[in-house]
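What the coordinates show
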Amino acid sequence: MKKDTVISYIIITIGALIAAFAIDTLLIPNTILDGGVTGISMIISKLSGISLSILVLIINIPFVLIGYKHLGKDFLARTIYGMIFFSLFITLLEIIEPITNEMLLATVFGGA
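Residues numbered from 1 in each chain as written. Predicted model: local features only at pLDDT ≥ 70, side-chain atom pairs only at ≥ 80, totals over all residues. Heavy atoms only, no water.

**A short note on the overall build of the protein**
Each helix and strand counted, the protein has five helices and zero strands in total. Element order for the protein, N to C, with α for helix and β for strand: α-α-α-α-α. For the C-alpha atoms alone, the extent of the protein along its principal axes is close to 45 × 30 × 20 Å. Across the 112 residues that make up the protein, the buried fraction comes to 35%. Of the contacts made within the protein by residues no fewer than 6 positions apart, 64% connect residues no fewer than 24 positions apart. Accessible surface computed for the protein: about 7,300 Å², of which carbon and sulfur atoms make up 71%. Of the side-chain charges in the protein, 6 are positive and 7 negative, and the distance between the mean point of each set is 18 Å. (Helix = DSSP H or I, 4+ residues; strand = E, 2+ residues; numbered from the N terminus. Buried < 20%, exposed > 50% of the residue type's maximum accessible area, 1.4 Å probe, protein only. Contact = heavy atoms within 4.5 Å. Areas by Shrake-Rupley, 256 points an atom, 1.4 Å probe, with all protein chains shown as cover. Lys, Arg positive; Asp, Glu negative; His and termini not counted. Charge placed at Lys NZ, Arg CZ, Asp CG, Glu CD.)

Structure, rendered in structure tokens:
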């Protein structure tokens, strides 16, 4: 495996961890929605009780297939890797207490 590829996967892992941390400790406890697939997954999860991490994986499938068709195998591998780790981190970080109950702070820090 090339050095650039390894670095890419490390960065994807760190990004997935940061995003999941923000969702679990800032956005969800303060009922703030994220954008895109994650936001849609948050809504459906709240209404249905289905796990957020499972919904993120399922709702991303059509977008991953479209991306694969246009961007190739490298895109597919990195995207699936990122989705799996993001979902895994969402599940693992659920046990962490909210950082703040101030909606403005949660919005600013969660968005950052």
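Let's pick the thread back up.
**Details of a nonpolar patch on the surface**
A contiguous nonpolar surface patch, about 480 Å² in accessible area, is contributed by Leu33, Ile40, Ile43, Ile44 and Leu47. Turning to its location among the elements, Leu33 is positioned in the loop between helix 1 (3-27) and helix 2 (36-48). (Patch = residues over 30% accessible without salt bridge, like charges linked within 9 Å, V, L, I, M, F, W, Y side chains within 5 Å. Salt bridge = Lys/Arg side-chain N within 4 Å of Asp/Glu carboxyl O.)

**Re the layout of surface pockets**
One way to see where empty space is left: roll a probe the size of a water molecule over the atoms. Within this model, the largest pocket holds a volume of roughly 260 Å³. At four residues, helix 2 tops the list of elements feeding residues into the lining of the largest pocket. Across the lining of the largest pocket, the residue classes tally to seven nonpolar, two polar and two charged. (1 Å grid on protein atoms, 1.4 Å probe; cavity = no way out; pocket = protein on both sides within 12 Å on 5 of 7 lines; lining within 4 Å. Points joined across faces, edges and corners; volume = space filled by probe spheres on them. Nonpolar A, V, L, I, M, F, W, Y, C, P; charged D, E, K, R; others polar.)

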